[in-house]
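Coordinate inspection notes
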Amino acid sequence: MSPVSTPRKLGPLQIILLAIPCIAVLIVPFFNRLEPSLFGVPFFYWWQILWVPLSSIFIAVVYRMTVPSGSGD
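All values reported here derive from a predicted model rather than from experimental measurement.

Attention shifts here to the side chain of Gln-14. Examined against the element boundaries, Gln-14 turns out to sit in helix 1 (residues 12-26). Gln-14 gets classed as buried once you look at its relative accessible area, which sits at 11%. Separated by 2.7 Å, the side chain of Gln-14 and the backbone nitrogen of Gly-11 make a polar contact. Excluding residues within four positions of it along the chain, Gln-14 makes contact with Val-62, Met-65 and Thr-66.

Phi is positive for Phe-39, which is not a glycine, with a value near 55°. Note that Phe-39 resides in the loop between helix 2 (28-31) and helix 3 (43-66).

Let us look at the nonpolar core. Grouped together as the largest cluster of nonpolar side chains are 8 residues: Leu-17, Ala-24, Phe-31, Phe-43, Trp-47, Trp-51, Phe-58 and Val-62. Every element with two or more residues in this core is listed here: helix 1 and helix 3. With 5 residues, helix 3 is the largest single contributor of residues to this core. Residue contacts for Phe-43: discarding those within four places in its chain leaves Phe-30, Phe-31, Arg-33, Leu-34, Glu-35, Pro-36 and Ser-37.

What counts as what
- Residues numbered from 1 in each chain as written.
- Predicted model: local features only at pLDDT ≥ 70, side-chain atom pairs only at ≥ 80, totals over all residues.
- Heavy atoms only, no water.
- Helix = DSSP H or I, 4+ residues; strand = E, 2+ residues; numbered from the N terminus.
- Buried < 20%, exposed > 50% of the residue type's maximum accessible area, 1.4 Å probe, protein only.
- Polar contact = N/O pair within 3.5 Å; in protein donor to acceptor, adjacent residues only side chain to side chain.
- Contact = heavy atoms within 4.5 Å.
- Core = buried A, V, L, I, M, F, W, Y, C linked by side-chain atoms within 4.5 Å.

Here you go:
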């Protein structure tokens, strides 16, 4: 049985990477507008929809940085 490896603590880079999606959807004055529209969808909506997959990418990057490979988590 191999020893259990614990995830590393979050460093400043990981905290910044996790904060980017949060800040991007909370700065409403930046994206509270109709133009530019994409396929008829106002900017307000497609900006928030865009951040759903982008957030998962940021989370996956931080996960890879903090959880050791082969740990089973």
